[in-house]
Amino acid sequence: MQNKTFYNFILKLLKEEKINASSVSPSIKKSGDFKTLLNGNFISYSQAVSGGGSYLINNKENLQLYFKSKFPKELQDSYSAVGNIGTYRNTKTGKRKSQNVVLVRGFKNVKINSEIVDLEKFTNLFGTFSAQVYKLETNKICIVENLDSFLLSEKVIDKDYVFIHTYGGLGKSVLNKFIAKEVLIFPDYDYKGLQNYLMVKKVFPNAEIFIPKDYEKLFKTFSRTIKTKQGREQNPSKEVKESIDENVVKVRTDIYKSKRFLEQQALFVKHQDD
C-alpha cells in the first residue's frame with residue numbers, strides 16, 4: 001500500500017505523535033501495512049475513557065526508520081512525476097549509485113570498516129546500529145528484506161546471526177561489502193523475495209533462504225492475494241521462472257497454484273505479545 005494516503009498517515013503521526021482512531025480511514029485500517037505498524041509495535045491503540053480512542057507512537061525513532069525505508073525519497077510538494085517515482089519506487093526509475101548504508105542489529109561483535117562494534121550494546125540501547133559500509137565482517141549474517149521484520153528478527157531466527165537490513169533496497173554493490181562464513185536471506189515469500197535470494201546466491205553461492213518449519217500452516221492461515229488493488233499480478237523474473245533451486249521451486253509453485261503469497265511479517269504474529 002505504498003501510496004499517498006498511507007504516506008500522509010505516517011507523516012502526520014510522526015508530526016503529531018497521536019491520531020484519533022476515528023480520523024484514520026477504513027482503507028488504512030484494513031491494509032497489511034497498518035497491521036505491520038501494530039504487530040511490529042511501532043504504534044498502539046489507546047482507549048479513551050469517554051469512548052473512542054487514539055493511535056499513539058510507541059517508538060518514534062523506529063517509526064522514522066520504517067518510514068524512510070518504505071518511502072526512500074519524500075514526495076515533492078507538487079507530487080510531480082519525478083517525485084512520485086522517487087517515493088513509490090517505480091521500477092522504471094533510473095539506476096542510482098548505492099550509498100551502501102545498512103542497519104545492523106544482533107548480539108555479537110561485528111567488524112565494520114575495520115572497527116569492532118559492540119553490536120549487542122547498540123541493539124539493546126537503540127534497537128539498531130547504522131553505518132555506511134565499506135567492509136562488514138562477521139561469521140553469520142542474515143539479510144532481512146523488510147525493516148519491521150528486521151527489528152524483530154531474533155524472535156524467529158537464531159541469535160548467532162547478525163541481522164542486516166539494507167537502506168533503499170538490496171543490490172550487489174552492498175552485498176560485495178560483506179564477508180561472512182554463512183549467509184541467510186529472510187525475504188517475503190513472493191517473486192521479488194525469490195529474486196533477491198537468487199541475487200544473493202550470485203555473490204554467496206552457499207547462501208540459504210530462511211523458510212520456517214511451519215511455513216505450510218502459515219501459508220494456509222496468513223497468505224494474501226498476489227494481485228494488486230488494480231487487479232494486476234506480480235510476475236516472476238526469467239531467472240525465478242527458470243530456477244531449479246528446490247526452495248525457489250516450492251515457493252514459486254505455491255504462488256502459481258494459489259495466486260497467493262506469504263509476507264514475512266506473518267511469522268511474527270504468534271510473537272506479537274512477547
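What counts and what doesn't
- Residues numbered from 1 in each chain as written.
- Predicted model: local features only at pLDDT ≥ 70, side-chain atom pairs only at ≥ 80, totals over all residues.
- Heavy atoms only, no water.
- Core = buried A, V, L, I, M, F, W, Y, C linked by side-chain atoms within 4.5 Å.
- Buried < 20%, exposed > 50% of the residue type's maximum accessible area, 1.4 Å probe, protein only.
- Contact = heavy atoms within 4.5 Å.
- Helix = DSSP H or I, 4+ residues; strand = E, 2+ residues; numbered from the N terminus.
- Lys, Arg positive; Asp, Glu negative; His and termini not counted.
- Salt bridge = Lys/Arg side-chain N within 4 Å of Asp/Glu carboxyl O.
- Polar contact = N/O pair within 3.5 Å; in protein donor to acceptor, adjacent residues only side chain to side chain.
- Expected span 1.5 Å × (residues − 1).

Focus on the nonpolar core
So, step 1. One finds Phe9, Leu63, Ile112, Leu136, Phe178 and Phe186 to be the most contacted residues of the largest nonpolar core, which totals 75 residues.
So, step 2. For Phe186, the residues in contact, after removing those within four places along its chain, are Cys142, Ile143, Val144, Glu145, Ser149, Val156, Ile157, Phe210, Gln264, Leu267 and Phe268.

Description of the side chain of Asp245
So, step 1. As for its position among the elements, Asp245 is in the loop between helix 11 (238-242) and helix 12 (246-258).
So, step 2. Salt bridges are absent for the buried Asp245, whose nearest opposite-charge side chain, Lys201, sits at 4.5 Å.
So, step 3. Within the structure, Asp245 has its side chain in polar contact with the side chain of Tyr197 (distance 2.8 Å).
So, step 4. Engagement of the side chain of Asp245 in a polar contact is seen with the backbone nitrogen of Asn247, the distance being 2.9 Å.
So, step 5. When residues no more than four places from it in sequence are discounted, the contact partners of Asp245 are Tyr197 and Lys201.

Focus: helix 9 (residues 191-203)
Helical geometry note: an α-helix holds 3.6 residues per turn, so side chains three or four residues apart project in the same direction.
So, step 1. The end-to-end C-alpha distance of helix 9, which contains 13 residues, comes to 19 Å, matching closely the 18 Å that a straight helix rising 1.5 Å per residue would cover.
So, step 2. Buried within helix 9 we find Tyr191, Gly193, Leu194, Asn196, Tyr197, Leu198, Met199 and Val200.
So, step 3. Residues of helix 9 that are buried in the fold lie against strand 9 (140-144), helix 8 (172-175), strand 12 (182-186), strand 13 (208-209), helix 11 and helix 12.

Such coordinate-based values are descriptive only and should not be taken to indicate function.
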